[in-house]
Amino acid sequence: MGNEAAFMKKQRVIVIAVLIIVFIIYSIYYNTYSPKILVHILKSLSRMLLGYIFAVIFGILISVLVGINKYIRMACNPIISFFMSIPTITWVPILLIITGITEKTIIIAVFLGSFFAIMYNTLDGMNNVDQNLIRMGKVLGYNNFQILYKIVIPASFVQILTGLKLGIAYSWRALVGAEMLGATQYGLGYLIFASRKFYDLNRMISTLLIIAFFGYLLNRLLIIIIEENTIVRWGLK
Amino acid sequence: MGVEMIIECRDIIKKYDELIVINKVNLSVKKGEFVVILGPSGCGKSTFLFMLAGFERPSKGKIYIHGKEVKKPGRDRGFVFQEYALFPWRTVLGNVMSGIKEKKHRREIAMEFIERVGLTEFANVYPHKLSGGMKQRVSIARALAYNPEILLMDEPFGALDAQNRKLMQQELLKVLRELNKTIVFVTHSVIEAVYLADRVIVMSKRPAKIIYESEIIFKGDRSYTSGKYLEYRKEILHYLNYETGVKE
Amino acid sequence: MRDRILKVIPPIILGLTLLYIWQQLGERDLINTALFPTPKQIFYSLLDTDIIFKHIYSSLLRLVISVAIGYVLGFTIAILISNFKSMFFLEDISSFFMSIPGISWAPLFIMTIGFGDKTIIAVGIITAFFPVLYNVLYGLREIDKNLINISKIIEYSFLEELTMVKLPAIMNYLTIALKLSFARTWRTIIAVEMIAATMYGLGYMIFDARELFNSSIMFGGIFLSGVIYYLIESLIIKNIELFTVVKWGMRQHS
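Residues numbered from 1 in each chain as written. Chains lettered and ligands numbered in written order. Predicted model: local features only at pLDDT ≥ 70, side-chain atom pairs only at ≥ 80, totals over all residues.

Moving on to the overall build of chain C. Secondary structure summary: chain C contains eleven helices and zero strands in total. Along chain C, helices (α) and strands (β) appear in the sequence α-α-α-α-α-α-α-α-α-α-α when read from the amino end. With the C-alpha coordinates of chain C rotated into their principal frame, the extents come out at 75 × 55 × 30 Å. For chain C, with 254 residues in total, the buried portion stands at 37%. Long-range contacts, defined here as pairs at least 24 residues apart, represent 69% of the contacts in chain C between residues at least 6 apart. (Helix = DSSP H or I, 4+ residues; strand = E, 2+ residues; numbered from the N terminus. Buried ≥ 20, exposed ≤ 12 C-beta atoms within 10 Å, placed from the backbone. Contact = placed C-beta atoms within 7 Å.)

Following this line, the structure appears as structure tokens:
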């Protein structure tokens, strides 16, 4: 068993090394790296983070307020599932008309992309709290409000985190799509779309790689930091 | 009229839709008494305890504590679950402090009870790192720390292996010494019942009713092997075996 | 049975209430109906579009083809990875490419193979592929070792072991993979249609409506994409689950 693990590790290291080298050679050779790429990356990241943070705040807040009651949770579940199955990009044309070709449009699209997933998972977490923990709260004399924030929310944390993880992936996806349709100057999505117009295959591919890279990074880094300090410590992972 | 009946259950009937789970149970518990409710698995004894706790209401009949009807859970009745129900996001200390209202001496009081159950070195550990027996000790410490008058225990040692179980039974009696609590304890183990109880109430299969009651009178420390213990055990087991169809 | 009916009522009440409020807001001119048409307006304009069924059909067809091919591909590669050590590297490569949002592949394909069905289905296959790869791999790793031991004892061949032990054992993951595959591919196909379709498709319909500022169609398309997906899930996927996983007691009926 140890041998297999070591073998896998070796393979993994080789693969990552090869990918990085190819990536670097490719981009240097084709000279697609002007400092301008940083502007695109930063713009994309900032739009995504903004939309995502709003989605997290409102998603969790609204879920907690609304999800106290079992029946409201039941009512919201299919409706939120419905919204989740709507491709985020389909909102963009309308947003373009309503809020125009602005940063706001892209941020709202990112928000819509992740909001429902976060809300769904938060409500689901609240639904699956161990009944005994809630009973314990009542035995200890907690009032309903205390049960909510002292028991229900920490107990739902694992699921809330799942929602946050999904939210990041969906946000990134929404961002790229929204930028393709709605950005005029900066942004990774815009870049890909524009490179098509100029038949710049190399720029397109390297932009794709950058998109993949950041998508991967965001997914791993952000959440791992939070996870380590909460659910791993509590032994829930 | 010397001793106070602090728990009174009159004609308790519990139904789930058409299924009668508890059929006319009457029970009174004196202050300071350790009552064990013994019965075969699934007979409804846990349901009865839940009603005492206030998690559920009887379909018919009423439960009184100090003369007041029980309608919901309260700080006068501590509860210990079989599955521990510890808050995984709090340390041992955090869990034990959960019920203590006075902010000032919360830590000291909690530490006192943590010491009582022998887990002093584990005060800052998260529950998932503890064994089953240790978790249950935390659960007991938490229940006792804010000084409820009554302690309700639902097969608390059910998830432990035989040896640990006996250990915990002994620990429990030790911990409860001088605390003068009124305990209602549910189990399906005769050995456990006779060791711990002042009074054993034997319940029938579902629909549950009381088929036998026995005062356990022991002078001094309990023992699993003394003649008296074995006598009580034999007698109670006889009723239980009859209920479950075990041939003697 | 009573439980199921009870479950359906609250969402219906909530949904109808929201629709009613929306309708009222529109009728009383509290919202701009050029931008936010009322539900009734949306409904009628959808009916008006006589080619709406062509749009729906195109999108569905692309979905089915993409998922069919993507599923088979994902499944095959998962089996390869889990059975042949030299294939481990495929997993890491996939992991990297998985984080590329489906739609970003579109311009690449548009440039190389042009607009239309080919591109849409190509991106669809990529999107359908990854969830299957991941879930099948994960499922294969989670198989109870004892089941494999038994098949070794009775000396099953590779194929026998695969079809008679492994496949049924991972049925839960196979259905989850199908579900995820359908969900993601549907979303991506409609998105790609918006930039790459030439005549038909829900995505194309929505995008096209923008030219004429027809917000009713735009909202209608959004709504339809949700509804049609919901139908796919409840009619097809739920039934597959019922006949395999639930019947064998491998998962509770939710």
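Resuming the write-up.
Moving on: helix H5 (residues 102-113) of chain C. All names here are of chain C. Between its first and last C-alpha, H5 extends 16 Å over twelve residues, near the 16 Å set by a 1.5 Å rise per residue. Burial runs high along H5: nine of the twelve residues are buried. If you check which residues of H5 are buried, you get Gly102, Ile103, Ser104, Trp105, Ala106, Pro107, Leu108, Phe109 and Ile110. The positive-phi residue at the C-terminal boundary of H5 is Gly114, with phi of around 90°. (Expected span 1.5 Å × (residues − 1).)

Moving on, we come to the arrangement of the chains. Counting contacts across all two pairs of chains found in contact, the highest total belongs to chains A and C. Between chain B and chain C there is no contact; the minimum C-alpha to C-alpha separation amounts to 14 Å.

Turning our attention to the interface of chain B and chain A. The interface of chain B with chain A comprises 20 residues on the first partner and 13 residues on the second. Among the elements that take part in the side of chain B that touches chain A, strand S6 (residues 77-80) of chain B stands out by supplying three residues, more than any other.

The subject of this paragraph is the sheet that holds strand S5 (residues 68-69) of chain B. All names here are of chain B. Read from one edge of the open sheet, four strands run S2-S1-S4-S5, paired in antiparallel fashion. Edge positions in the sheet fall to strand S2 (19-30) and S5, since each has one partner strand and no second. Here strand S1 (residues 5-16) runs beside strand S4 (residues 60-65); their pairing, made up of five bridges, is antiparallel. The partner of Ile7 across the bridge, within S4, is Ile65. Its contacts with the sheet put helix H1 (residues 45-53) on S1, S2 and S4, and the angle it makes with S2 is roughly 60°. (Pairing = 2+ DSSP bridges. Axes fitted to C-alpha atoms, helices over the stretch in contact; angles between N-to-C directions.)

Turning our attention to unusual backbone geometry. The omega angle of the peptide bond from Arg206 of chain B to Pro207 of chain B is -5°, so this bond is cis rather than trans. When you line up the elements, Pro207 of chain B lands in the loop between strand S9 (199-203) and strand S10 (210-215). In the Ramachandran plot, His66 of chain B falls in the positive-phi region, its phi being about 50° despite a non-glycine side chain. Despite not being glycine, Phe213 of chain C has its phi angle at roughly 55°, a positive value.

Residue and element names in this part refer to chain B. Reading across the sheet, the six strands line up as S6-S7-S8-S3-S9-S10 and stay open at both edges, with mixed pairing between neighbours. Each having just a single partner strand, S6 and S10 make up the two edges of the open sheet. Going from strand to strand, the sheet's axes swing by 15° on average, the running direction of each strand aside. Of the pairings in the sheet, the one linking S6 to strand S7 (residues 150-154) comprises four bridges and is parallel in character. Among the inter-strand pairings, Phe79 is bridged to a residue of S7, identified as Leu152. Its contacts with the sheet put helix H7 (residues 227-244) on strand S3 (34-38), S9 and S10, and the angle it makes with S10 is roughly 175°.

Let us now look at the interface of chain C and chain A. Accessible area lost on assembly of the parts is the figure often given for the size of an interface. With 42 residues of chain C at the contact, the number on the chain A side is 46 residues. Taken together, the elements giving at least two residues each to the side of chain C that touches chain A come down to helix H1 (2-27), helix H4 (88-98), H5, helix H9 (171-196), helix H10 (202-211) and helix H11 (215-246) of chain C. With nine residues, H11 of chain C is the single largest residue contributor to the side of chain C that touches chain A. Each residue belonging to the side of chain C that touches chain A can be placed in one class, and the counts come to 30 nonpolar, seven polar and five charged. (Nonpolar A, V, L, I, M, F, W, Y, C, P; charged D, E, K, R; others polar.)

Before going further, it helps to spend a moment on H1 of chain B. All names here are of chain B. Burial analysis of H1 places eight of its nine residues in the buried class, which makes it a mostly covered element. Among all positions of H1, only Lys45, Thr47, Phe48, Leu49, Phe50, Met51, Leu52 and Ala53 are buried. Positive phi shows up at Gly54, right after H1, with a value of about 100°.

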